[in-house]
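Working through the structure, step by step
Residues per chain are reported as follows:
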Amino acid sequence: MNLIKYLVFNFYGPKMWMVFLLLIWGLIIGTESSTLTSQPEMEANAIYNSGWWNTSDANYTISNRCNWGQISCNKAGSIIKITIDGYSDEGVRGNIFGTLNLSTFHNLESLVIKNVILQGSIPKEIGHLSKLTHLDLSSNYLVGEIPPSLGNLTQLKHLDISDNLFNGSFPITITGIGLIHLDLSSNSFKGEVPHLIKNLRQLEYLDISYNCIEGSIPFELGFLKNLTTLFLSNNRLKGEIPSSLGNLKKLESLDISNNKIEGSIPLELGFLRKLTRLNLSFNRLNGNLPISITNLTQLESLNISHNYLRGSLPSNLGQLSNLQLFWLNNNSFNGTFPISLNNLTQLVYFDISYNFLTGSLPISIRNFFQLETLNISHNLLLGTLHSNLFPLTYHYASIDLSHNNISGEIPQSICNVSYVDISYNYLRGPIPFCVHPSAVIGNKDVCNNTSCDQIYLQGPVSENKFYFQPCSPVFQPCPPVFKPSQPPKKINKVNHHVAIFLPILIVLILAFSSLVCFKLCNNSTKKKNGNTTTTKNGDVFCIWNYDGKIAHDDIIKATEDFDMRYCIGTGAYGSVYKAQLPCGKVVALKKLHGYEAEVPAFDESFRNEVKILSEIRHRHIVKLYGFCLHKRIMFLIYQYMEKGSLFSVLYDDVEAVEFNWRKRVNIVKGVASALSYLHHDCTTPIVHRDVSSGNILLNSEWQPSVSDFGTARLLLHDSSNRTIVAGTIGYIAPELAYTMVVSEKCDVYSFGVVALETLMGRHPQELLSSLQLASTQNMKLCEVLDQRLPFPNNAMVLLDIIRVAVIAFACLNFNPSSRPTMKRVSQSFATELTPLTIPLSEISMQQLMSQEFKALFHILNH
């Protein structure tokens, strides 16, 4: 350019130089103008060459494309929207996706091509549509893998590629997009749900159902706090339901059905107050139905069928007054039928069949005015069929009461129901005309009410019900419908004597055995302080305790034999009950379910907790008042902690506000003191192995107690200390994944997570995973503190908050040897500090992790 300027200036003079510049400028402007005007032409050529539209049709002239019903343009004539729906459009079917040159549509904002038998794979050129916000390619025949270029669509909010034939691994490339709606269901994706999915901060709708996805449900899903819909059904997911899903306070629909999910239903699901649909069916869930489920008062559909759930049903299920669809069938629930169901007046479908429910058949079901299907068959229900059980409002209802222990006569009002099955019960008396014999089979004492043959009329009589028409109005004696059993044979006298004396002999043997067992148990308990024993149902139950005032019968009476009304939560291997003893003391009972007592891992964990807690004493470790270890019943008796767990407080917006900064700092101090005692003050050091916010309990004075020592382990320094990974996901030290060696530094890491979680008011996983990024290190401490609390204005409180943050990051060091000991952490809290000159608003993450701050707060690991 300088050479051209020199030649022009010297040979033609300064004026000519100006003319030359104007000429070049005109060429540039002309080129840009030409480019702008050619954009619509390029798009027109792409539309024409695709062959998707019949441009020879007068309705589809290429020059008039912006007026087609399927295309919208901006003012410049450039296409911004293409919408082709096979349900409403007649054309554009059976095409190959690649024939449409997507790279030309630079201004395209919405692309919808669904239900049109679209074939081929998604072209990689789709990544050039930088302005695309809405992409819907659902219900087609697309194949192959999702192109990585899809991750370039940073403006994308809605992505639906469901109901196609995609395969390969779950597409990780989409996890950096700011999506709101993501539907990848009904394909053949494999692999695991990528943990990077947590980057979808704005995601509101996520559907990855009907694929072949394996692995566990990522803990990070709990960070997508804008989710309103989460569908994970019909995959191959394993593991447990992460408690972090309790963070999704906006969630309205949750479906994890048809997987291989194990463990118990986390009580944290009870925090999802906006939930209207919950489906956990066809899994391998066990344990009790948590009482917290009854907090979901907005539920309209609840399906937990086809699992291994046990125990009694919560007595306050009637709180779910909006329920319309309710499936509890094919589990192992026992206890009495929940009487409170009379509040469920909106029920349309109710199935509780194939369980072990006892008690009387409730009359209250007559209040189910919307009922269409009621199935309580294959249970152990007693009672009679009251005449008002089948009101006239049931004209179109289907009711199955078969395979129970129902007795009495069959009321005529049963004809108010379009279909009924009362077979295999203990009913007697005449069969109403409307009942088909197959509906009463298995009831040996029922009979016909006419002496002549009955005529079966198949027709629309009495609102399309089928019934039996009697041939004579004269009532005759009732011949039996089913053949009576043969009369019993005469009993041999020898057998008769055996039948009399054998039970007596058995009773005497049992009585003698009970006395011997009682003596042995009594001698054993005398060796302990204040031990007591009691008996029940002929078995001897022993309770060892420290004050000699707790008896087994007191526990049974206080909990009404462990009725679900007293259940306040479920854990990894048992349920927790609240009980008030005769002396007025309120205690918490952790009861191991009978079937779980047969599992060696559960039994060992339960006994391990007894061993650990019987030998340690600390003001911040939960107190064990007593325990009962018997093959028929096993439970522990603890002090009752009124505030519940630290987790439940942090994730409850009301309690979190009451949980101020001073209280939070004191909680962290108390936990540090407890862990320091376990690691350094016990004769043999104890590693807890499951330090988490869920295992830290708070009393009415906001004082913490570390609990749940089922996985705790004595640290023997002369052994390898290798172990299986134990603990709560999100709190486990990273080295356990590859060394399998447990040490006290594993607890130190978990403590760091809890400390940071206490300050932030949420799990810090998102912060920790991005801690190496410069943008995260430059973040200020005040930005990550719990925003529900006002900014602290007390100088000492501010200093304590900074101290907790510094200690937390020191404990979270990836290298175990670089973490401080819990003794040093506890000593740091006892050290008086000099106020900082740096205001809290200026302290960054990087400073908190610096050696300077560690030295300032006496947390250096010497």
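Here we summarise the structure given alongside this text. If you're wondering where the values come from, they're calculated on a predicted model, not measured in any experiment.

Moving on to helix 15 (residues 822–829). Those residues of helix 15 that fall on the buried side of the exposure criterion are Met822, Val825, Ser828 and Phe829. Around the axis of helix 15, the buried residues are gathered within 115° of arc, so they sit on the same side. Taken together, the buried residues of helix 15 touch helix 8 (661–681), helix 10 (744–760) and helix 14 (795–811).

Attention now moves to the sheet that holds strand 35 (residues 704–706). If you walk across this open sheet you meet the three strands as 32-34-35, and the pairing is antiparallel. Among the strands making up the open sheet, the edge pair consists of strand 32 (644–645) and strand 35. Helix 8 rests against strand 34 (696–698) and strand 35 of the sheet, and its axis sits at about 35° to strand 35.

Here we come to the pairing of strand 21 (residues 426–430). Working note: regular strand, side chains alternate between the two faces of the sheet. The pairing of strand 19 (residues 407–409) with strand 21 spans three bridges and is classified as parallel. Residue pairing across strands places Gly408 opposite Leu427, the latter belonging to strand 21. Looking at chain direction, strand 21 and strand 22 (residues 445–447) are connected through three bridges and run parallel. Residue Pro430 lies in a different strand from strand 22, and its bridge partner there is Cys447.

We now examine the state of the cysteines. If you walk through the whole model with that rule in mind, you get two disulfides. The disulfide partner of Cys66 is Cys73, and the S-S distance across this bridge is 2.0 Å. Taking the sign of the S-S torsion, about -90° here, the bridge from Cys66 to Cys73 comes out left-handed. A residue is classified by how much of its surface remains accessible, and Cys66, at 29% relative accessible area, is partly exposed. Covalently, Cys415 is tied to Cys434 through a disulfide, its sulfur atoms 1.9 Å apart.

Quick look at the sheet that holds strand 15 (residues 332–334) now. An order of 11-13-15 is seen for the three strands of this open sheet, with the pairing classed as parallel. Two strands close off the open sheet at either side, each with one partner strand: strand 11 (286–287) and strand 15. In this sheet, strand 13 (residues 308–312) lies alongside strand 11 in parallel orientation, the contact comprising two bridges. Bridge pairing in strand 13 links Asn286 to Tyr308.

A separate point is unusual backbone geometry. Phi at Ile117 is positive, roughly 55°, even though this residue is not glycine. With respect to the helices and strands, the residue Ile117 is situated in the loop between strand 3 (110–114) and strand 4 (134–136). With a phi angle near 55°, His378 is a residue other than glycine that sits in the positive phi range. Checked against the element boundaries, His378 lands in the loop between strand 17 (373–375) and strand 18 (398–400).

Turning our attention to the packing of helix 10 against helix 14. Two numbers describe how helix 10 lies on helix 14: the axes approach to 8 Å, and their chain directions differ by 145°. In this structure, helix 10 meets helix 14 at a crossing whose hand is left-handed. Here Val748, Tyr749, Phe751, Gly752, Ala755, Leu756 and Leu759 of helix 10 come into contact with helix 14, specifically with Ile801, Val804, Ala805, Ile807, Ala808, Phe809 and Cys811. The residue makeup of the contact of helix 10 with helix 14, split by class, is 13 nonpolar, one polar and no charged.

One finds Phe97, Leu159 and Leu230 to be the most contacted residues of the largest nonpolar core, which totals 111 residues. If you list the elements that add at least two residues to this core, you get helix 1 (2–50), strand 1 (71–73), strand 2 (79–85) and strand 3. At three residues, the largest contribution of residues to this core is made by strand 2. Discounting chain neighbours no more than four positions away, the residues touching Leu230 are Leu206, Leu221, Leu245, Leu248, Leu251, Ser253, Leu254 and Asp255.

Conventions used here
Residues numbered from 1 in each chain as written. Predicted model: local features only at pLDDT ≥ 70, side-chain atom pairs only at ≥ 80, totals over all residues. Heavy atoms only, no water. Buried < 20%, exposed > 50% of the residue type's maximum accessible area, 1.4 Å probe, protein only. Helix = DSSP H or I, 4+ residues; strand = E, 2+ residues; numbered from the N terminus. Arc of directions from axis to C-beta. Contact = heavy atoms within 4.5 Å. Pairing = 2+ DSSP bridges. Axes fitted to C-alpha atoms, helices over the stretch in contact; angles between N-to-C directions. Disulfide = S-S within 2.5 Å. Left-handed = near helix turned anticlockwise from the far one by under 90°. Nonpolar A, V, L, I, M, F, W, Y, C, P; charged D, E, K, R; others polar. Core = buried A, V, L, I, M, F, W, Y, C linked by side-chain atoms within 4.5 Å.

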